[in-house]
Amino acid sequence: MISIQHQLLKTQITALKIKDHVVFIGEGQHLHIHNVISGRRITSHQVFSAAVVHGVKLQIHTTPQSPMWVVAVFGQKSLAVLSFTPSQNKCHVLLEETSFMDWIVDAAWEKDLSHLVLALAHNSLLRYKFIIDKYLINKCLTTFRFSQRNYNLDSSSQSYECMKKAQCNYCDIVATAECADKCVLFSGCVVMTTGSWESAVLLAGTVAQEVLIWGPCGTLDKYGRYVPYHRLKGHQGSIFSVNYCPRRKLIATTSDDRSVRVWEVTETREHVASESIKNVYPIHSEQKEHNWKDSKVVERLKCYGHGARVWRSLILPACVVSVGEDSKICIWNDEGTLVTSWQAHDGASIWSVTADESADRLLTGAGDGSVRSWYLGRKESPIMELRNLPYNRNDTTLSVVKDESALSYINVSSNHAHSSEKMHDSETGENSFDEKINLSLFSESKGELHYTSKIHKQDFPRCVALIGKKQPLVIMDSGRLYLWNCRSFSWCLQYEDERLKNYALLQISQDLKSAALATLYGNVILLYLENESLKVLIDVKVTEGKIFSLLWLSGDQILVCGGEGAVTVWQVCREPGKVSKKQSHVLMPCKQRWVNAACLYPDDRSSANTSTARYLVCGDRAGSIHLYNPQVTEAVQSLRGVHGKNGVTSLLVVGHWVYSSGRDGCVRRLVVLDAALQVVTTTRVTGASWVAHLFFTFGRTLAVCFHDVKVKVWCVEEERSLVEVECGGGHRSWDLNILEAEQELVCVFLKVARVYTFTALLKDKLLPLIKASVNTQETMCLQVLFCTGKDAVCATGGEDTTLRLHSLGGFESYQSLGVIRSHISSVRALCVIDDGVKNSKRTAESESSVWLVSAGGRAQIKVWKCTYLSSPSDINTDSYNVKGIAPDVCQNTQNSTDCDSTSAFTFNSSNIICREVTSHMLRTGSHKTWKSQELTLDPETRYMDAAAFWITKSQAFVCLASSDGFLRIFRFCAESETLELVCTEEWRCCILKVTKLQLANKSILISATTEGSVIFWDPQDVVSWMAQCEASDMAPSPKINQLTMLSAHQSGINSIAFINQVVCAEPSATQHSITMATGGDDNKLGVWQVLLDTTEEPLQISVHSIYEVFGHASQITGLHWLSHNLLASVSIDQRLILWQLHYPQEEENILNTPANTKTVRGTEGKSVCEERHSKSPVLKAAVSCFTGVPDIKGLAVVDSYEDNHCNDCEDSEGLIQVREILVYGMGLQSYKVTVKIS
């Protein structure tokens, strides 16, 4: 008995529908129901066997027990009806999948739920009878909570059809209507004016660039078809969506021409619905019945703002929302002006959009498999000037054009910021104060005013910061310190010191109660906030000369950097009012030798207590990060120029991770292992030139970034921008604070010698992630790294140039472990340097590491070290003030998780480390210096596949298949962490695949090409040369030897698989037999017998065809042997098939022999495979299922676990073996394959 059970699907989100904080998500054949507030999944159900969900229609049905939602789900030619009870969070099936003869483009319920009106793709309407009481009375509903669809078929069956779709009973179709214009529809919208068939109107979006409006009450032509009421022309492309808003009487259409058009419906004759109809089917006052034939439809708005095709639109009470292929969300006002737009899904196409108008939330679903929520009800927080800053009036002149007392707000930006930030460049002041500055200011009573001032530069604000909750603190160039009083709305002089004149550093402590000032003369002044006033706590001279940087390390420790790179850490004792030197260090020499950022790495990493700091981590202006031991003056380790030459801007410790940011626009995650810093991941912030600061709040790591004159707040985990504000640029002094209790962000900054501030609600910004993304474009390759039980970690590479780590943990359990942006082009090949250990043996019982090779476009190859930490320290969110936050803000702090409990994962982002070790690109010229190197003359060379294995404990053999027809051999040294090209072998066409076959005492390389040939290579000479040579400047390496060539297919071979390590039981045996499978573009699946004789050199190889079958309707892209006679295959036709290799008169035993070991020595000197070949084996399909992943690129197999008993089976006797199959392409799907042997 063989069964395939669906576990997980991550693919394009094609349908969204929200109601009362519950969102229905269409993903492939599945319908997921999530809570919008928390982001948690409520239930999931597979509604279709092979169709994709394209739409969801809801209607409320009142029952004696509780209200029930009737949910109609349609997609392609299929329809299903379910019921959902919100009070119980249960889903019932009312109507199983029913198929029709044409595609369904839209559906609508009639008023009494007795019928469904369906719009079909050939411009027709269909009335389908559906009586809900009949289904409820006959108990035709089945409870599916966390349901899983199981495909079971006896292995002896000749058929492999997995599901029987319920065919439509055409006796249930009570009426049909066809339009006089017979054309194909890409979209449609069924409008039920009064809830009856007679009032149905179809807004049909055609491929002929127009919208047809017609209904079953229109005029018939001579053929009995209905003539359209209106034709909406204007688009220059096919119509992708049509929406109608009965409240506003507006129609919105989107098209291939990248435009959004809004049409207004004007009634010329109005019919008021009867009171009886209103009682049965409540309608809005604006939704009165009108005659569409006599109405007038005119184009009102024509909106251009997208850079690609526009897929969907949404009409809301105050705006129109559009989404499209360019991953942009555009908000349009009633005048057709683009109010705002933003990149929502990291470049992935947005396929669906919906909105909860009561909560002002917008939800979008994209091709990356993610569903994100956005706040639409944001009220723009005006940027307010804190006026009346006391300048030295003897040196300042003011001229006011109009009444200055009316001025309160400045219109600087249309957005607002939201994260906590502290970064000051005190050496830069406002110097251009002699010129006149015109600002447009706003008053609530007098409208726009013009304010002109001329300020001489004798005195001006130099530094600004936030102390307390949200009190701005300003240091003037004259040395005066002013504090803003929020009650009296005025500035109060707090401190004045001549030593602060012309130069001062200002830093606020983490508890926001203390301010530290540094002078040009080596003095440090500590002020303490008490009763809304500042008091001098400590005034001490800590160094001779200028203090270049001053940083708070903790509430009672400060770091001072003086001349010549002298770094000192001081302990602050508040009660005696003294400071004591705790440790001293020296920075490495560089051009600008001072510390920009610093943090303490605590000994107890599970808390934020830094009293027992293990290390001091510093980032300097030269972009380097240094690790200091408190007892040693010099740095223990230095990562030179890790953030480029412009400097490190921020360092933050979260759990056992160290996050760093720099002016190179990157955020890096590091970890301290074996007294050394290691870079784990690098994330480049999209649309930002440099990252200014990092902070951790609400369970998220946020980055404050600058680009041009705007500041942007970026969520590192979700990789999305939360807010953008125009503040003048990061060169000015500014500060941000987050008030977690109030859920507010407060920002203060200087612009044109004036102080401005604004606030923003965090509740609007940090909304939970409903579903996490898997990849923004196609997944080209997948490699399993670790697994234990039901949990597995895999790495994927895609067309979006990213390398992503994923954790899979059973049914609908998924967690994104990180996104690595390091490749400059697509990642097409992944492989683990083979050490002879299966992925099922790399368990979570102890700390383990694997070496991962990634390769792809631009002939770029990288080597990574992936490490599993057996017992990492988890992040203690209590120590980061996450308590007391509203449930809808931090309910889903693990934003990249799709499961019911994150603790269920063995592998998570805190115990998996992926570090880049080395990289290589094809170059010409000298390899001694960078300046003398040039890119290869063929920059389009791509690495298509990779294979690697260890030849010694420290040296590995890496082989790459290239698009230019070369097999390239590299040597990787783990000790020196170097990668070098040692030899190449040319073939006459593109090499698509390369894999390694391990024999008893040697390895064989097998490659496949675009001409359909399979080539066998002997790399033993190169392997021996690598094992003997240690230096790269020794004699040139030998070439790999071609053994034989097989013409297996008529065109390209996309997949090749063999039973790994098929060797004789006797170690001294010289004959080997291999069962090989190939699949190609010609749709053929071939099984081959490969016989190898190692008695003589070179090896003797003979290949015989066992069986050929055309079992797929398209190209075969993935093959894998689950056992010696069970083969899995996938194809572009989106089918997963398990094939069984039958040997006549042989006792069936599918998995009794593992796939990696098989004895081939038979009786009378014949191999078992030779005997089987003489019996004419047959390849039969055992079981098949449709997968929801489009454009399949391949499959991978996880030996998840093996057991002698199966809880899912009634009869638990016999051997049960389980495999997990991962199918990848435009998404990712996981299946559990269970084989029971009696």
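One can find the structure itself at the top, above this paragraph.
Now for a description of the structure that goes with this document. (Residues numbered from 1 in each chain as written. Predicted model: local features only at pLDDT ≥ 70, side-chain atom pairs only at ≥ 80, totals over all residues. Heavy atoms only, no water.)

### Quick word on the sheet that holds strand 47 (residues 566-573)
The pairing of strands in a sheet comes from backbone hydrogen bonds and takes either a parallel or an antiparallel form. Convention followed: Only strands that DSSP links by at least two bridges are regarded as paired with each other. Helix and strand labels come from DSSP, where a helix needs a run of H or I of at least four residues and a strand needs a run of E of at least two; each type is numbered from the N terminus. Angles here are taken between N-to-C directions and fall from 0 to 180 degrees, while the axes themselves are lines fitted to C-alpha atoms, restricted in helices to the stretch in contact.
Taken together, the 4 strands give an open sheet; going across it, the order is 45-46-47-48, and neighbouring strands pair in antiparallel fashion. Across the chains shown, the open sheet's two edge strands, defined by having one partner strand only, are strand 45 (549-554) and strand 48 (578-586). Each strand of the sheet is rotated relative to its neighbour by a mean of 25°, with strand direction disregarded. As paired elements, strand 46 (residues 557-561) and strand 47 share 5 bridges and run antiparallel to each other. Opposite Leu559, over in strand 47, you have Val569 as the bridge partner.

### Overview of the side chain of His32
Using the following cut-off: Buried, partly exposed and exposed residues are distinguished by accessible area as a fraction of the type maximum, computed with a 1.4 Å probe on protein chains only: under 20%, between the cut-offs, and over 50%, respectively. Polar contacts here mean pairs of N or O atoms no more than 3.5 Å apart (in protein, one a potential hydrogen donor and the other a potential acceptor; neighbouring residues in sequence count only if both atoms are side-chain atoms). Throughout, a contact is declared for two residues whenever any of their heavy atoms are within 4.5 Å.
Checked against the element boundaries, His32 lands in strand 4 (residues 30-35). The class of His32 is buried, set by a relative accessible area of 0%. Among the polar contacts made by the side chain of His32, one reaches the side chain of Ser44 at a distance of 2.8 Å. Excluding anything up to four places from it in sequence, His32 contacts Val23, Phe24, Ile25, Glu27, Arg41, Thr43, Ser44, Lys771 and Glu812.

### Points about the pairing of strand 26 (residues 328-332)
Summarising burial for strand 26: 5 of the 5 residues are buried, a large majority. Direction of pairing for strand 25 (residues 320-324) relative to strand 26: antiparallel, over a ladder of 4 bridges. Each residue of the ladder has a partner; that of Ser322, found in strand 26, is Cys330. Joining the antiparallel neighbours strand 25 and strand 26 is a turn of 3 residues, in which Ser327 adopts a positive phi near 65°. Bridge count for strand 26 against strand 27 (residues 338-343) is 5 bridges, and the pairing is antiparallel. Paired with Ile331 across the strands is Thr340, a residue of strand 27. Counted along the chain from strand 26 to the antiparallel partner strand 27, the turn is 5 residues long, and its residue Gly336 has a positive phi close to 85°.

### Side note on the pattern of salt bridges
We count it as follows: Salt bridge criterion: a side-chain nitrogen from Lys or Arg within 4 Å of a carboxyl oxygen from Asp or Glu.
Considering all chains together, one arrives at 35 salt bridges under this definition. Here Glu1011 and Arg988 are joined by a salt bridge, their closest N and O atoms 3.1 Å apart. One end of the pair, Glu1011, is in the loop between strand 80 (1003-1009) and strand 81 (1013-1018); the other, Arg988, is in the loop between strand 78 (978-986) and strand 79 (991-998), with 23 residues separating them in the sequence. Judged by relative accessible area, which is 58%, Arg988 ranks as exposed. Each of Asp181, Glu210 and Arg231 takes part in a single network of salt bridges with overlapping partners.

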